Amino acid sequence: METILTFIGLLVVISFFFRFIGAIFVILFRYPILLLFGILGIYFLFRNFRFRFYTYKTRENPYKNYRNQSQNSYGSQNYYDLRQKYDYYRTLFDLPENFTKDELRKRFRELTKKYHPDKCPDNRKKCEEQFKKINEAYEFLLKYAK
């Protein structure tokens, strides 16, 4: 008796399901514009979805990393490395957070006069290293000056 009732319940569920699906098909074929919108909606929902078992590896795309490398001129450095470098160079020049090109140029001239290797005869090697570091920092910070 239980199995018969289960079977009848299953038939009722299946009939409701097919009645529902049948009603959808009648509406879609009676109004073809709804069918078109339905197909377009499914396309736009799944256009960025990739099925793993349908993707095949063909050949390596030579332009795959072009966008990532061309975003900044420092290769593959991420934001945090660039920010750390920016803060280090800014403290080297003793500049505020929002500095202008004029402030940067003025501070650069002061530091190059101070650390120029010809002006420091007593500690020439240290001055050369500092001078190179100042030039590198100036080139870097010039891109971010306002």
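One can find the structure itself at the top, above this paragraph.
Sequence order as written defines residue numbering, which begins from 1 separately in each chain. Residues qualify for local features only when their pLDDT is at least 70, as the model is predicted, and side-chain atom pairs are given and counted only at 80 or more; totals for whole chains, interfaces and linings, by contrast, use all residues. As a rule here, side-chain values cover all heavy atoms of the structure and leave hydrogens and water aside.

S.K.: When you look at the overall build of the protein chain in this model, what are you seeing that I'm missing?
M.R.: Secondary structure follows DSSP: runs of H or I at least 4 residues long count as helices, runs of E at least 2 residues long count as strands, and numbering of each begins at the N terminus. A count of helices and strands for the protein chain gives six helices and zero strands. Only protein chains enter the area calculation, which uses a 1.4 Å probe; residues under 20% of their type maximum are buried, those over 50% are exposed, and those in between are partly exposed. Counting across all 146 residues of the protein chain, residues that qualify as buried make up 14%. We call two residues contacting when some pair of their heavy atoms lies within 4.5 Å. Partitioning the contacts of the protein chain with sequence separation of at least 6, the portion at a separation of at least 24 is 51%. Areas reported as accessible are Shrake-Rupley estimates using a 1.4 Å probe. Residue values count occlusion only from the protein chains shown. Of the roughly 13,200 Å² that the protein chain leaves accessible, carbon and sulfur atoms contribute 60%.

S.K.: Got a minute to help me understand helix α6 (residues 124-142) in this structure?
M.R.: Count 3.6 residues to each turn of an α-helix, and residues three or four apart come out pointing the same way. Taking 1.5 Å per residue as the helical rise, α6 with its 19 residues ought to reach 27 Å, and the 27 Å between its terminal C-alpha atoms agrees with that figure. Residues of α6 that are buried make contact with α4 (79-93) and α5 (101-115). Expected helix span is computed as 1.5 Å times (number of residues minus one).

S.K.: Even after reading the chapter, I still don't get a nonpolar patch on the surface, so can you show me in this structure?
M.R.: For patch detection, residues must exceed 30% relative accessible area and be free of salt bridges, and they are connected within 9 Å for like charges or within 5 Å for nonpolar side chains (Val, Leu, Ile, Met, Phe, Trp, Tyr). Salt bridge, as used here, is a side-chain nitrogen of Lys or Arg placed within 4 Å of a carboxyl oxygen of Asp or Glu. On the surface, Ile27, Tyr31, Ile33, Leu34, Leu36, Phe37, Leu40, Tyr43 and Phe44 cluster together into a nonpolar patch covering about 910 Å² of accessible area. With seven residues, helix α2 (residues 32-46) is the largest single contributor of residues to the nonpolar patch. Within the element layout of this structure, Tyr43 appears in helix α2. A relative accessible area of 48% places Tyr43 in the partly exposed class.

S.K.: What is the right way to look at unusual backbone geometry in this model?
M.R.: Phi is mostly negative for residues that are not glycine, and the peptide bonds are mostly trans. Residues other than glycine seldom take positive phi values, yet Asp94 does so here, at roughly 60°. Turning to its location among the elements, Asp94 is positioned in the loop between α4 and α5. Taking relative accessible area as the criterion, Asp94 reaches 59% and is therefore assigned exposed.

S.K.: Before we go on, may I ask you to explain the environment of Lys101 in this structure?
M.R.: Tracing the backbone shows Lys101 in helix α5. For Lys101, a relative accessible area of 36% translates into the label partly exposed. When the C-alpha atoms of Lys101 and Leu142 are compared, they prove to be 6.9 Å apart, with 41 residues separating the residues in sequence. Each residue touching Lys101, except ones within four places of it in the same chain, is listed here: Leu142, Ala145 and Lys146.

S.K.: How should the side chain of Thr112 be read in this particular structure?
M.R.: Here Thr112 lies in helix α5. Setting aside chain neighbours within four positions, we find Thr112 in contact with Phe131 and Ile134.

S.K.: Which parts of the structure should I look at to understand the nonpolar core?
M.R.: Note that soluble globular proteins tend to have their nonpolar side chains buried in a common cluster. With 15 residues, the main nonpolar core has Phe93, Leu95, Phe99, Leu104, Phe140 and Leu141 as its most contacted residues. The leading source of residues in this core is α6, at five residues. Not counting residues up to four positions away in its chain, the partners in contact with Leu141 are Tyr86, Tyr89, Arg90, Phe93, Leu95, Phe99 and Leu104. In this description, a nonpolar core means a group of buried Ala, Val, Leu, Ile, Met, Phe, Trp, Tyr and Cys residues linked to one another through side-chain atoms lying within 4.5 Å.

S.K.: So what exactly am I meant to see when it comes to the pattern of salt bridges here?
M.R.: Pairing between side chains of opposite charge can happen when their charged atoms approach one another. Summed over the entire model, instances satisfying the criterion amount to eight salt bridges. Between Asp87 and Arg83 there is a salt bridge, with its nearest N and O atoms 3.5 Å apart. Of this pair, Asp87 and Arg83 both sit in helix α4, four residues apart, which is roughly one turn of that helix. On the basis of relative accessibility, which here comes to 25%, the residue Asp87 falls in the partly exposed class.

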